[in-house]
Amino acid sequence: MTTVQINVDNRQAKRNVAVLFYAQAILGSQQSINIILGGLAGFALAGNKALATLPISVMLLASMLSAGPVSLFMGRFGRRAGFLLGAAAGLLGGGCSALALYVGRFDLLLLGAGLTGIFRSTHGYFRFAAADTASEEFKPKAISLVLAGGLLSAFIGPEIVRSTAYAIDSTPYAGAYLAVIAINVIGSLGLLFLDIPTPPRKKKGEKSGRDLKEIFTQPKTVVAVICAMVSYAMMTLVMTSTTLAMTATGFTTAAAADVVRWHIIAMFGPSFFTGAIISRIGQLRVIMIGLTLLGIAAFISVSGDEVENFYFALIALGLGWNFGFIGATSLLTTTHTSEEQAKVQGLNDVLVAGLVTIASFGSGAILQIYGWEYVQYAMIPALSLAALTILWLAIKTRRARSIEPNFGGMR
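Treat the numbers as computed from the prediction; the structure is a model and nothing was measured. (Residues numbered from 1 in each chain as written. Predicted model: local features only at pLDDT ≥ 70, side-chain atom pairs only at ≥ 80, totals over all residues. Heavy atoms only, no water.)

### Let's talk about the nonpolar core
By size, the foremost hydrophobic cluster in this structure holds 123 residues, and its most contacted members are Leu-37, Phe-83, Leu-317 and Met-379. Here this core gets 17 residues from one element, more than from any other, and that element is helix H11 (residues 219–249). Beyond its immediate sequence surroundings of up to four residues, Leu-317 is in contact with Met-234, Met-235, Val-238, Met-239, His-263, Leu-294, Ala-297 and Met-379. (Core = buried A, V, L, I, M, F, W, Y, C linked by side-chain atoms within 4.5 Å. Buried < 20%, exposed > 50% of the residue type's maximum accessible area, 1.4 Å probe, protein only. Helix = DSSP H or I, 4+ residues; strand = E, 2+ residues; numbered from the N terminus. Contact = heavy atoms within 4.5 Å.)

Okay, structure coming up:
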């Protein structure tokens, strides 16, 4: 079985973490720009205002559809080539979105969102790339440290919105989308220093490890995928409608941008120590903490519509995503070999992006038809399901350990 050679001292892994941290900070900042402005730009151009969040949904749909092909592309040509391809798509997406606002065409805005979705799918693999050259002990920390780069993007993205959204008097928001072009150029320069070996190519007809059915019927894989899907999708469900809910309540775009800023800080800030917490108490406990925080965010949101409610709810939402998603990602890396990673990670991210897309589409509709409170109520079934899968795996693992001595210590 072919595996990637890992340096015991993790020097190569740490260099790659530094590069990916930089890329996460710079390239990742366009994520918050698209989150803040996607609904607002859509509201400005859409004839039917119920479709205001459609650009965000199209971005997520494109991310879902491209996640599998992107993973296979990286498996063939390497991580760096895949990430540079994503940055090129992000650059084109920013340009299309700016042009759409200038000429007043909603369909062109959707095209820009689709291109941005391709970037988003490649960006999602930063966390897996961090683990590629890391030892088993360093993997949780490598994953969380790369995601910690999002803390800087939480400051960069909203600040770009503040300073450029109205830079072009005749075309609100276009200036921020033009800034996305520069972001992708600057971020790509750092990616040139990424040093991750390209997996050896398989001979025609040669299998790359086990079948997906075998891998995805493992209890740990089932729990990792479901919890990753729920953590990301429920965060997206609420976040997608936040700026619209705030502006509808009477708050300014600047106030909404600041709430999103603190939400993203909460998403990525804990990443400096999430890996250490996982190493100490385990993935399942960390995931459960994340799901609980997502539930707390919903409770805060339905408790009132003051600005403090938005701040505290979105902060809890970000923390919940961090623990739930990083915990699930760390758990998934224990379920497959390096030669299986392209197809496993690809399918995982397709499933995650699929539920995220549904959540994004549903978010705007639920907000327009039923209101902000029902966006929160919609989280309950998914959070309950994820919590039950964790309980199921914990019981299954405990039972396996209790009968292990009967087999003479063999599994």
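### Comments concerning the environment of Met-379
In this structure, Met-379 sits in helix H18 (residues 379–403). Put simply, Met-379 and Met-235 are 144 residues apart on the chain and 9.0 Å apart in space, counted from C-alpha to C-alpha. When neighbours within four sequence positions are excluded, Met-379 is seen to be in contact with Met-234, Leu-237, Val-238, Leu-294, Ala-298 and Leu-317.

### Considering the environment of Thr-274
Following the sequence through the fold, Thr-274 ends up in helix H13 (residues 271–281). On the basis of relative accessible area, Thr-274 is assigned to the buried category, the value being 0%. Sequence-wise, Thr-274 and Leu-99 are 175 residues apart; in three dimensions their C-alpha atoms are separated by 40 Å. Discounting chain neighbours no more than four positions away, the residues touching Thr-274 are Ser-144, Asn-322, Phe-323 and Ile-326. Engagement of the side chain of Thr-274 in a polar contact is seen with the backbone oxygen of Pro-270, the distance being 2.7 Å. (Polar contact = N/O pair within 3.5 Å; in protein donor to acceptor, adjacent residues only side chain to side chain.)

### With respect to the pattern of salt bridges
Applying the stated criterion across every chain yields a total of eight salt bridges. Between Arg-105 and Asp-107 there is a salt bridge, with its nearest N and O atoms 2.9 Å apart. Residue Arg-162 is joined to Asp-258 by a salt bridge in which the shortest nitrogen-to-oxygen separation is 3.5 Å. Here the residue Arg-162 occupies a position in helix H8 (residues 150–164), and Asp-258 occupies one in helix H12 (residues 253–268), the gap between them amounting to 96 residues. Taking the relative accessible area as the measure of exposure, Arg-162 reaches 41% and is therefore partly exposed. (Salt bridge = Lys/Arg side-chain N within 4 Å of Asp/Glu carboxyl O.)

### Topic: the packing of helix H7 (residues 139–148) against helix H15 (residues 307–332)
For the pair H7 and H15, interaxial distance at closest approach is 10 Å and the crossing angle is 140°. In terms of crossing hand, the pair formed by H7 and H15 is right-handed. Residue-level inspection shows Pro-140, Ile-143, Ser-144 and Leu-147 of H7 in contact with H15, the latter providing Ile-326, Thr-329 and Ser-330. A per-class count over the contact of H7 with H15 returns four nonpolar, three polar and no charged. (Axes fitted to C-alpha atoms, helices over the stretch in contact; angles between N-to-C directions. Left-handed = near helix turned anticlockwise from the far one by under 90°. Nonpolar A, V, L, I, M, F, W, Y, C, P; charged D, E, K, R; others polar.)

### Quick word on a negative patch on the surface
On the surface, Asp-305, Glu-306, Glu-308 and Glu-373 cluster together to form a negatively charged patch. Tracing the backbone shows Glu-306 in the loop between helix H14 (283–302) and H15. Note on Glu-306: relative accessible area 47%, which makes it partly exposed. (Patch = residues over 30% accessible without salt bridge, like charges linked within 9 Å, V, L, I, M, F, W, Y side chains within 5 Å. Areas by Shrake-Rupley, 256 points an atom, 1.4 Å probe, with all protein chains shown as cover. Lys, Arg positive; Asp, Glu negative; His and termini not counted. Charge placed at Lys NZ, Arg CZ, Asp CG, Glu CD.)

### Thoughts on the packing of H13 against H15
Geometry of a packed helix pair, given as the angle between the helix axes and the separation of the axes. Running from N to C, H13 and H15 point in directions that differ by 50°, and their axes come no closer than 10 Å. It follows from the interaxial angle that H13 and H15 lie oblique. Like other packed secondary-structure pairs, H13 and H15 cross with a definite hand, here right-handed. Here H13 contributes Ser-271, Thr-274, Ile-277 and Ile-278 to the contact with H15, which in turn contributes Asn-322, Phe-323, Ile-326, Gly-327 and Ser-330. Looking at side-chain class alone, the contact of H13 with H15 contains four nonpolar, five polar and no charged residues. (Parallel < 35°, antiparallel > 145°, perpendicular 65-115°, else oblique.)

### A closer look at the packing of aromatic side chains
Applying the stated rule across the entire model yields 13 aromatic pairs. A ring pair is formed by Tyr-125 and Phe-128, whose centres lie 6.2 Å apart and whose planes are at 40°; its orientation type is tilted. Exposure class is identical for Tyr-125 and Phe-128. Each is buried. Look at Tyr-370 and Tyr-374: their rings are 5.8 Å apart centre to centre, the planes differ by 40°, and that puts the pair in the tilted class. Judged by relative accessible area, which is 55%, Tyr-370 ranks as exposed. (Phe/Tyr/Trp six-rings, centres within 6.5 Å; stacked < 30°, edge-to-face > 60°.)

### Structural notes on unusual backbone geometry
Trans is the common state for peptide bonds, and a negative phi is the common state for residues other than glycine. Within the chain, Tyr-173 stands out as a residue other than glycine whose phi angle is a positive 80°. Of note, Tyr-173 is situated in the loop between H8 and helix H9 (174–191). With relative accessibility at 11%, the residue Tyr-173 sits in the buried group.

### Some details on H13
Within H13 the residues assigned to the buried category are Ser-271, Thr-274, Gly-275 and Ile-278. Projected onto a plane normal to the axis of H13, the buried residues spread over an arc of 95° and lie on a single side. As for H13, its buried residues are in contact with H7, H12, H14 and H15. Positive backbone phi, at 95°, marks Gly-282, one or two positions downstream of H13. (Arc of directions from axis to C-beta.)

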